[in-house]
Protein chains: 2
Amino acid sequence: MFFEGSEKKFELISRGARFRQRGDAYYSALAELAGAKVLSKISSSKLDAYLLSESSLFVSDDCITMLTCGRTSLVRAASFLIDQIGPAQLDFLSYERKNEYFPHQQETDFYKDLEVLQKQIPGKAYRFGFPDEHHLMVFHLDKPFTARGLDCTLEVLMYNLQGPARALFDGGQTLENVRQLSQLGQIFPGFAIDDYLFQPCGYSLNAVKESEYYTIHVTPEEDASYVSFETNVQLGNSMMQTLRNVVEVFQPRSFDLIFFHPEREIPNLDLPPFVRSNFVSQSLSCGFELSFATYVMHTMQARAAVILDESSQTSPANS
Amino acid sequence: MFFEGSEKKFELISRGARFRQRGDAYYSALAELAGAKVLSKISSSKLDAYLLSESSLFVSDDCITMLTCGRTSLVRAASFLIDQIGPAQLDFLSYERKNEYFPHQQETDFYKDLEVLQKQIPGKAYRFGFPDEHHLMVFHLDKPFTARGLDCTLEVLMYNLQGPARALFDGGQTLENVRQLSQLGQIFPGFAIDDYLFQPCGYSLNAVKESEYYTIHVTPEEDASYVSFETNVQLGNSMMQTLRNVVEVFQPRSFDLIFFHPEREIPNLDLPPFVRSNFVSQSLSCGFELSFATYVMHTMQARAAVILDESSQTSPANS
């Protein structure tokens, strides 16, 4: 069985909510609702960052951002929070699912999650990309919202790591070596870092500095390898260089970009031999332009096929 | 609910079997085993071509080729035939599944089918392409085989039709109009044609001439539109032009090529703005080089996202 790296994610904002005061036990229980566990926590002056057994949870006074991978049920955590906060107190909510590697292993699909959320709050749902391509499903609270400043979020989702970086996370390394060789704690200067090397393989990193974060999750399993990088750092003119750096570390065969910005769609990335094969951008009634792009590699030489045997079985045992 | 256009396919050869003598009732029963029905039949001197409610069945004296789409269980038909013919009498067998648009709507996945087939005959299984991309799963009988002459098969699988051709098959047209406007019966000269316009939408065509066939299946549903074109016509130098013609009729956003040839991998297709994003070729122990390539469109402008509502539900009701 492969591990499903693709994350589900929600972000909700309730101004004046003082979310940090709810404390660690509250967020441990929240993680468990989704089927994950809190492994560790770091904090900046404005942000608590929980590293989870399946991805990450960031809590500031008025915002909660949670992402979980594997076979977790993030919708349960989102639904619980909506009830706890009260739908009328929500200023913003988005709930995302990427198309999964192995959708038949998931407890629910996006449409089932939608049934839950739409009973609680009025919202709109979109699909970014055609069903046969990499695509993003998004639900958001249908309520006018004005982001503070240049509130934007960039996600880089990388598939099928081709370079030597994959082996670094594939077991047998010490955490010290992984830190030293990957340099993932140095992507931006001055961040506090919390990272974790999973057994038998996998790596997660949370980084915070005041109200900024970045987070990286590596699923190194061959044939379904995946890395997500997400940040709310305001990249401005350095965005293209940051993207190039991240892609060059992991050398994926393909990657997706997801960009929330109050006004702008994500610019084109000039990075041969990658070409953009999918590009969808939509102005949302919750105050953001959301854009999604997929880059694939222009392929010249044929590879050999992958031989399938018992160990490549991807069906859940109970299907 | 969308209709799953992606086909499952098997081909089996047993020299001296005289398959055509088994008669229409036998093949009607075979189609029903897979969950399909025979709608009509045409014949050439060497080939019977059955048009099915879900795709096609071709029978010559020593070869049976069957492809079915939707939620059919083609593996049942394959398994039945293996038993009937006797594993030792088989000279060649291949069983293919393309990755589906909606895998969670299928009764089985490829691995479950493999469990059935591997109990009956010794074989090898391969995946052509990574799990997140368009990819092909193939099982074949592990037995040396020498094809007669230049026995090759080309499949062109087209996704997300962008041009006016899609509307032609989307209901409301007469069969006469579809024939006239699509010109699909004139791709190669001198073939007998059998075609069918489905209600509320969809179109299938079988064409035969002596031992040659071509077949086309159109699933026009918006957002999951799909066309397959398959032929055993020996295209030689005209292959590239034939491919261009087919792609230009349907104007897909992406397409896959599958090519069985005794020796050669499929050549590169120069057709901007398409670029090849996946290319896998494997020499099989059953005497064929099998190659698989995916072409996607280099995308410049952003599209709007697709709004999801009740009608975009893709989950089966009972999931």
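Each chain carries its own residue numbering, running from 1 in the written order of its sequence. Each chain is given a letter, starting from A, and each ligand a number, starting from 1, according to the order in which they appear as written. Given that this is a predicted model, residues contribute local features only at a pLDDT of at least 70 and side-chain atom pairs are listed and counted only at 80 or more, while totals for whole chains, interfaces and linings are drawn from all residues. Processing note: side-chain calculations cover all non-hydrogen atoms of the structure and skip hydrogens and water entirely.

Student: How should I be thinking about the interface of chain B and chain A in this particular structure?
Tutor: How big an interface is tends to be expressed through the accessible area that disappears when the partners come together. The contact rule is simple, with two residues in contact once any of their heavy atoms fall within 4.5 Å. In this assembly, 53 residues from chain B lie in contact with 53 residues from chain A. Summed over both partners, the interface of chain B with chain A comes to about 4600 Å²; 51% of that surface belongs to carbon and sulfur atoms. One speaks of a salt bridge when a side-chain nitrogen belonging to Lys or Arg is within 4 Å of a carboxyl oxygen belonging to Asp or Glu. Between the two partners, chain B and chain A, sit two salt bridges. For the salt bridge of Arg253 of chain A with Glu133 of chain B, the shortest nitrogen-to-oxygen distance reads 3.0 Å. Identification of polar contacts relies on pairs of N or O atoms within 3.5 Å, with a donor-acceptor requirement for protein atoms, meaning one able to donate a hydrogen and the other able to accept it, and with residues adjacent in sequence counted only if both atoms are side-chain atoms. At the surface where chain B touches chain A, the tally comes to 27 residue pairs in polar contact (both at pLDDT 80 or more). Secondary structure elements follow DSSP: runs of H or I of four or more residues count as helices, runs of E of two or more count as strands, with numbering from the N terminus. Take the side of chain B that touches chain A: its biggest share by element is eight residues, from strand E15 (residues 274-283) of chain B. When residues are sorted by character, Ala, Val, Leu, Ile, Met, Phe, Trp, Tyr, Cys and Pro go into the nonpolar class, Asp, Glu, Lys and Arg into the charged class, and all the rest, Gly among them, into the polar class. By residue class, the composition of the side of chain B that touches chain A is 24 nonpolar, 18 polar and 11 charged. Any two strands with at least two DSSP bridges between them are considered paired. Summarising the sheet, strand E7 (residues 123-128) of chain A and strand E17 (residues 306-307) of chain B pair through two bridges and their orientation is antiparallel. Across the sheet, Arg127 of chain A pairs through a bridge with Val306 of chain B, a residue of E17 of chain B. Using a 1.4 Å probe, buried area is obtained as the accessible area two parts lose upon being combined, added over both of them.

Student: For this particular structure, what's the right way to read the packing of helix H2 (residues 74-85) of chain A against helix H3 (residues 110-120) of chain A?
Tutor: Any two packed helices are characterised by how steeply their axes cross, that is the angle between the axes, and by the distance between the axes. Residues and elements named next belong to chain A. Two elements in contact, H2 and H3, have axes separated by 10 Å at closest approach and are oriented at 5 degrees. Judged on the interaxial angle alone, H3 and H2 are roughly parallel. Facing Val75, Ala78, Ser79, Ile82 and Asp83 of H2, the residues of H3 in contact are Asp113, Val116, Leu117 and Gln120. Considered class by class, the residues forming the contact of H2 with H3 number five nonpolar, two polar and two charged. A fitted line through C-alpha atoms represents every axis, and for helices the fit uses only the stretch in contact; the resulting angles, taken between N-to-C directions, go from 0 to 180 degrees. Angles are sorted into four bins: roughly parallel if under 35 degrees, roughly antiparallel if over 145, roughly perpendicular if 65 to 115, and oblique for all others.

Student: Hey, could you run me through the sheet that holds strand E13 (residues 226-231) of chain B in this one?
Tutor: As a general point, the strands of a sheet are linked pairwise by backbone hydrogen bonds and lie either parallel or antiparallel. Residues and elements named next belong to chain B. The eight strands are arranged E10-E11-E12-E13-E9-E14-E16-E15 in an open sheet whose pairing can be described as antiparallel. The outermost strands of the open sheet, each flanked by one partner alone, are strand E10 (192-197) and E15. Taken over all neighbouring pairs, the strand axes of this sheet differ in orientation by 10 degrees on average, direction set aside. As judged from the nine bridges shared by E15 and strand E16 (residues 289-297), these two strands associate in the antiparallel manner. Among the inter-strand pairings, Val280 is bridged to a residue of E16, identified as Phe292. The strands that helix H5 (residues 175-182) touches are E10 and strand E11 (203-209); relative to E10, the one it contacts most, it runs at about 125 degrees.

Student: When you look at the sheet that holds strand E11 (residues 203-209) of chain A in this model, what are you seeing that I'm missing?
Tutor: All names here are of chain A. Across the sheet, which stays open at both edges, the eight strands sit in the order E10-E11-E12-E13-E9-E14-E16-E15 with antiparallel pairing between neighbours. Either end of the sheet is taken by a strand with one partner, and the two such strands are strand E10 (192-197) and strand E15 (274-283). Taken pair by pair, the neighbouring strands of this sheet meet at an average axis angle of 10 degrees, ignoring direction. As paired strands, strand E9 (residues 153-161) and strand E14 (residues 252-261) are joined by eight bridges and run antiparallel to one another. Across the sheet, the residue bridging to Leu157 is Asp256, located in E14. Helix-sheet contacts for helix H5 (residues 175-182) involve E10 and E11, and the interaxial angle to E10 is about 125 degrees. Lying on the sheet, helix H6 (residues 239-250) is in contact with E9, strand E12 (212-219), strand E13 (226-231), E14 and E15; it crosses E9 at an angle near 25 degrees.

Student: Is there a simple way to explain the packing of aromatic side chains in this structure?
Tutor: Stacked, edge-to-face and tilted labels apply to pairs of Phe, Tyr and Trp rings (six-membered ring for Trp) whose centres lie within 6.5 Å, assigned for plane angles under 30 degrees, over 60, and everything in between, in that order. Per the counting criterion, the structure on display carries 46 aromatic pairs over all chains. Residues Tyr26 of chain B and Tyr27 of chain B carry aromatic rings whose centres are separated by 5.2 Å and whose planes lie at 80 degrees to one another, so their mutual orientation is edge-to-face. Only protein chains enter the accessibility calculation, which uses a 1.4 Å probe; a residue is then buried when its area is under 20% of its type maximum, exposed when over 50%, and partly exposed in between. In this structure Tyr26 of chain B comes out as buried when scored by relative accessible area, which is 17%. Using a relative accessible area of 1% as the deciding quantity, one classes Tyr27 of chain B as buried. On the basis of an interplanar angle of 40 degrees and a centroid distance of 6.2 Å, the ring pair of Tyr26 of chain B and Phe80 of chain B is categorised as tilted. Linking Tyr26 of chain B in helix H1 (residues 23-34) with Phe80 of chain B in helix H2 (residues 74-85), this pair joins segments that are 54 residues apart in sequence. By the ring-pair criterion, three or more aromatic residues cluster together here, those being Tyr26, Tyr27, Tyr50 and Phe80 of chain A.

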